[in-house]
Amino acid sequence: MVEGNWTRVSEFILMSFSSLPTEIQSLLFLTFLFIYLVTLLGNSLIILVTLADPMLHSPMYFFLRNFSFLEIGFNLVIAPKMLGTLIAQDTTISFLGCATQMYFFFFFGVSECVLLATMAYDRYVAICSPLHYPVIMNPRTRAKLAAASWFPGIPMATVQTMWLFSFPFCGSNKVNHFFCDSPPVLRLVCADTTLFEIYAIIGTILVVMIPCLLILCSYTRIAAAILKIPSAKGKHKAFSTCSSHLLVVSLFYVSLSLTYFRPKSNNSPESKKVLSLCYTVVTPMLNPIIYSLRNNEVKNALGRTFHKAMGVRTAFCRHFEI
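Residues numbered from 1 in each chain as written. Predicted model: local features only at pLDDT ≥ 70, side-chain atom pairs only at ≥ 80, totals over all residues. Heavy atoms only, no water.

Caption draft 1: How the structure looks around the overall build of the protein chain. In terms of regular secondary structure, the protein chain is built from eleven helices and five strands. Burial analysis of the protein chain (322 residues in total) assigns 44% to the buried set. In the protein chain, the proportion of contacts linking residues at least 24 apart, taken out of those at least 6 apart, comes to 77%. Accessible surface, the protein chain as shown: approximately 16,600 Å² in total, 71% of it carbon and sulfur. (Helix = DSSP H or I, 4+ residues; strand = E, 2+ residues; numbered from the N terminus. Buried < 20%, exposed > 50% of the residue type's maximum accessible area, 1.4 Å probe, protein only. Contact = heavy atoms within 4.5 Å. Areas by Shrake-Rupley, 256 points an atom, 1.4 Å probe, with all protein chains shown as cover.)

Here it is as structure tokens:
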């Protein structure tokens, strides 16, 4: 609908991977469906195991459980619509649907950045102050830290989404991406967006860099503490408690930085789609795998939970046989 020289957009078209042949899109659908299901299953298992096993009721696994919740939410925001565009060619998304997707993308993304810094602080306290760790990371403190990790996503997502979607849109309504990310949607705006772009750049730098600096500070202190441990076995044990988190942080920040902090001359829409897949689809799948394979406590807990479930099933079957 036209108002003056502006077009009021009622829906957007996600270009996604429409430029690829149908056979390639079908292959991508099967690949991303597998990744999507593994992500949901893996993170759900982490949540269930850390709740069910008393050995995993420590602060570290409390934050890991929160992280898995965020990963599931992050994946649910992106993957279902992307799968729809690939298999059913359902490329349209309503104005409200696009705004909602962008809001929750920002919310889960910002919360994840802050929670990774909180998890690094937890590892710092555990390694540098092991005797005081249970007192410092008591249930009330860890609940406050978790809430403080989730909260920053709300104002950031609210301001950026409401501000962007208050602009008039004109001309094409085709979003050259597989979800409603800020840069491709911003290109469709027919108004001066300089102030918004400055805010978005500053906000992104703060959201990414402040948690990143906190993580670097924590791991600098952790490395210094590990180097002071006399035995090689003690050093290995201390490092193993934070190696999974360090690997997850590296994957997240490398893919995020390559997507949003590359020069525009090297940042074509197609390359950005590929890089965006890394932190929106691939990384959420890898995180539970990393924490399961590199963490003996989680592997043992998964085994105990499985045997317990099989025992209950066997007892249930015998009861009905009798």
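Past the structure itself, the notes keep going.
Caption draft 2: A look at the state of the cysteines. In total, this model carries one disulfide according to the counting rule given. Residue cysteine 98 pairs covalently with cysteine 180 via a disulfide, S to S 2.0 Å. Classification of the bridge connecting cysteine 98 and cysteine 180 rests on its S-S torsion, roughly -120°, and on that basis the disulfide is left-handed. Remark: cysteine 180 occurs in the loop between β5 (174-175) and α7 (182-186) and cysteine 98 occurs in helix α3 (residues 95-128); sequence separation between them is 82 residues. The class of cysteine 180 is buried, set by a relative accessible area of 0%. Here cysteine 212 stays unpaired: no disulfide links it, and the sulfur of cysteine 113, its closest cysteine neighbor, is 9.0 Å away. Cysteine 217 takes part in no disulfide bond, and the closest cysteine sulfur, belonging to cysteine 212, lies 9.8 Å away. (Disulfide = S-S within 2.5 Å.)

Caption draft 3: Spotlight on the packing of helix α2 (residues 59-87) against α3. Where α2 meets α3, the closest approach of the two axes is 10 Å, and the angle between their N-to-C directions is 160°. Between α2 and α3, the angle falls in the class roughly antiparallel. Crossing of α2 over α3 shows left-handed handedness. Here the contact of α2 with α3 is composed, by residue class, of 15 nonpolar, six polar and five charged. (Axes fitted to C-alpha atoms, helices over the stretch in contact; angles between N-to-C directions. Parallel < 35°, antiparallel > 145°, perpendicular 65-115°, else oblique. Left-handed = near helix turned anticlockwise from the far one by under 90°. Nonpolar A, V, L, I, M, F, W, Y, C, P; charged D, E, K, R; others polar.)

Caption draft 4: Spatial organisation of the packing of aromatic side chains. Tallying each qualifying case throughout the model produces 24 aromatic pairs. Among the aromatic residues, ring-to-ring pairing joins Phe17, Phe32, Phe74, Phe105, Phe106, Phe178, Phe179 and Tyr279 into one connected group. In this structure, arginine 142 is placed above the aromatic ring of phenylalanine 62, and the distance from its NZ or CZ to the ring centre is 6.0 Å. (Phe/Tyr/Trp six-rings, centres within 6.5 Å; stacked < 30°, edge-to-face > 60°. Lys NZ or Arg CZ within 6 Å of the ring centre and 35° of its normal.)

Caption draft 5: Looking closely at the nonpolar core. Residues Phe12, Phe32, Leu116, Leu164, Phe165 and Val185 are the most contacted members of the largest nonpolar core, which totals 83 residues. Not counting the four nearest positions on each side in its chain, leucine 164 is found in contact with Met102, Phe169, Ser182, Val185, Leu186, Val189 and Phe196. (Core = buried A, V, L, I, M, F, W, Y, C linked by side-chain atoms within 4.5 Å.)

Caption draft 6: Structural context of the pattern of salt bridges. Taken as a whole, this structure holds one salt bridge when the rule is applied. Its salt-bridge partner being arginine 123, residue aspartate 122 comes within 3.0 Å of it at the nearest N-O pair. Aspartate 122 gets classed as buried once you look at its relative accessible area, which sits at 2%. (Salt bridge = Lys/Arg side-chain N within 4 Å of Asp/Glu carboxyl O.)

Caption draft 7: The UniProt feature "transmembrane region" (unreviewed entry) in the protein chain, seen in detail. The feature "transmembrane region" (unreviewed entry), as annotated in UniProt, sits at residues 27-51, 63-83, 103-124, 145-165, 198-217, 238-262 and 274-293 in this numbering. Along residues 198-217 one finds 100% helix and 0% strand; the C-alpha atoms at either end are 28 Å apart. (UniProt positions renumbered as here; feature names shortened; annotations may be inferred.)

Caption draft 8: Region of interest: the packing of α3 against helix α8 (residues 194-227). It is at 9 Å that the axes of α3 and α8 come closest, and there the two elements cross at 15°. What the angle tells us is that α3 and α8 run roughly parallel. Viewed along their axes, α3 and α8 form a crossing whose handedness is left-handed. For the pair α3 and α8, contact is made by Val110, Cys113, Val114, Leu116, Ala117, Ala120, Tyr121, Arg123, Tyr124, Ile127 and Cys128 and by Val207, Pro211, Leu214, Ile215, Ser218, Tyr219, Arg221, Ile222, Ala225 and Ile226, respectively. Here the contact of α3 with α8 is built from residues that sort into 18 nonpolar, one polar and two charged.

Caption draft 9: Highlighting unusual backbone geometry. Positive phi outside glycine occurs at serine 16, with the angle close to 45°. With respect to the helices and strands, serine 16 occurs in the loop between β3 (11-14) and α1 (22-52). Serine 16 gets classed as buried once you look at its relative accessible area, which sits at 3%.

Caption draft 10: Here's a closer look at a nonpolar patch on the surface. Side chains of Ile201, Ile205, Met209, Leu213, Leu216 and Phe261 sit close together on the surface and give an oily, nonpolar patch of about 540 Å² of accessible area. Structurally, isoleucine 205 is set in helix α8. On the basis of relative accessibility, which here comes to 37%, the residue isoleucine 205 falls in the partly exposed class. (Patch = residues over 30% accessible without salt bridge, like charges linked within 9 Å, V, L, I, M, F, W, Y side chains within 5 Å.)

Caption draft 11: Just the sheet that holds strand β4 (residues 92-94), in detail. What the three strands build is an open sheet, ordered β4-β3-β5; its pairing is mixed. At either end of the open sheet lies a strand with only one pairing partner, and these are β4 and β5. Inspection of the sheet shows β3 paired to β5 by two bridges, in the parallel sense. Of the residues in β5, the one forming a bridge with isoleucine 13 is lysine 174. Lying over the sheet, α3 contacts β3 and β4, oriented at roughly 85° with respect to β4. (Pairing = 2+ DSSP bridges.)

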